[in-house]
Amino acid sequence: MIYLFATTLLWAFSFSLIGVYLAGQVDAWFSVLMRVALAVLIFLPFLKCRHISKSLVIKLMGIGAIQLGVMYGFYYHSFLFLTVPEVLLFTVMTPLIVTLLNDALDKRFNPLFFIAATVATLGAITIRYDGLSGDFVIGFFIVQGANLCFASGQVFYKRIMANEPNLSQHTVFGYFFIGAFLVAAVSFALFGDVSKLPQTTLQWSILTYLGIVASGVGYFAWNKGATQVNVGTLAVMNNLLIPAGILVNVLIWNRDADIVRLSIGSGIILLALLINQKIFPNSRMKALS
């Protein structure tokens, strides 16, 4: 679980960096393209081509294209229909999608994992609910598309790696980013705004950090962590990022936040994690559950 906790902290900082220094200033598709391109460069030296089946390569590229590339497409377009609080609110459904998708693939229903995911979702809603506008149905489904992409990437990567127990994951993870890069490159060519490229050294530095650390190291660590825990833990951890991100934003950038709601919601999410760990104390042994 250490990979998931470490990535949660890493991404908590990333959200604030994007919100404060990049959002509305730098073209979103260029940000995605640069981040993914840098991540590809980080993993190219480790990329293993020999003795790797074409089937595995295609699967990993497909996961990267969906979990990172297509997910960003849904995510950025959702802001055309929703306010920021609404987008954040609707992302809390990811844990439920993780558990339901995994159960659908297994052709069974695991109520214990579902309960843990539901509790985590309620905790996140407690933190993020700020009311809804009247016209949000289209935006809601767009965000669910993003949630489905991110959740399915985790679930499918976890299942694929379960069939490759002796494979060093860092030697093939480059294919994940290559798949995402192809989607990002096409999207930037079609929808990018070249008039909104980074203008300051700080913006270029932040994008470089986000590409190498947040995307490169972050997505590898998160997906690797997903292979080492059960589905219930993975689902709960998807929402632990919300209180972590708010806390970082409050402590460093002094943004307003309802500390009471933050504390209550965070406590509920941690309760979900404890419930899951109590039911399945040996998450590594039950990582395929």
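These figures come from a predicted structure and were not determined experimentally. The written sequence of each chain sets the order in which its residues are numbered from 1. Residue-level local features of this predicted model are given only where pLDDT is at least 70; pairs of side-chain atoms are given and counted only at 80 or more, and the full residue set underlies all totals for whole chains, interfaces and linings. Only hydrogens and water are set aside; all other atoms, that is, all heavy atoms of the structure, feed into the side-chain values.

So, the overall build of the protein chain
Part 1 of the reasoning: Each helix corresponds to a stretch of at least 4 residues labelled H or I by DSSP, and each strand to a stretch of at least 2 residues labelled E; elements are numbered beginning at the N terminus. Tallying secondary structure elements over the protein chain gives 11 helices and 0 strands in all.
Part 2 of the reasoning: The order of helices and strands in the protein chain, counted from the N terminus, is α-α-α-α-α-α-α-α-α-α-α.
Part 3 of the reasoning: When each of the 289 residues of the protein chain is scored for burial, the buried share is 52%.
Part 4 of the reasoning: Note on definitions: a residue-residue contact is assigned when non-hydrogen atoms from the two residues lie within 4.5 Å. Sequence-distant contacts, at least 24 apart, represent 91% of the contacts inside the protein chain between residues at least 6 apart.
Part 5 of the reasoning: Just so you have it, the protein chain exposes about 13300 Å², and 70% of that area is on carbon and sulfur atoms. Here the term buried applies to any residue with accessible area under 20% of the maximum for its type, exposed to any over 50%, and partly exposed to those in between, with areas from a 1.4 Å probe on protein chains only. Note on areas: these come from Shrake-Rupley sampling with a 1.4 Å probe, and a residue is covered only by the protein chains present in the view.

Some thoughts on the packing of aromatic side chains
Part 1 of the reasoning: Between the rings of Phe, Tyr and Trp (Trp by its six-membered ring), a pair exists once the centres lie within 6.5 Å; its type follows the angle of the planes, with under 30 degrees stacked, over 60 edge-to-face, and the other angles tilted. Taken as a whole, this structure holds 17 aromatic pairs when the rule is applied.
Part 2 of the reasoning: On the numbers, 5.1 Å between centres and 85° between planes, the contact of F176 with F177 is edge-to-face. As far as burial versus exposure is concerned, F176 and F177 are alike and both buried.
Part 3 of the reasoning: Every member of this aromatic cluster is reached through a ring pair, and the members are W11, F43, F150, Y157, F173, F176, F177, Y219, F220 and W222.

What about the nonpolar core?
Part 1 of the reasoning: Within the largest apolar cluster, 78 residues are counted, with the highest numbers of intra-cluster contacts made by L68, F173, F177 and Y219.
Part 2 of the reasoning: Apart from residues lying up to four places away in sequence, Y219 is in contact with W11, Q67, L68, M71, Y72, F150, F173, F176, F177 and A214.
Part 3 of the reasoning: Counting 5 residues, the second-largest nonpolar core is a separate cluster that includes L82, V87, F90 and V143. To define a nonpolar core, start from buried Ala, Val, Leu, Ile, Met, Phe, Trp, Tyr and Cys residues and group those joined through side-chain atoms within 4.5 Å.

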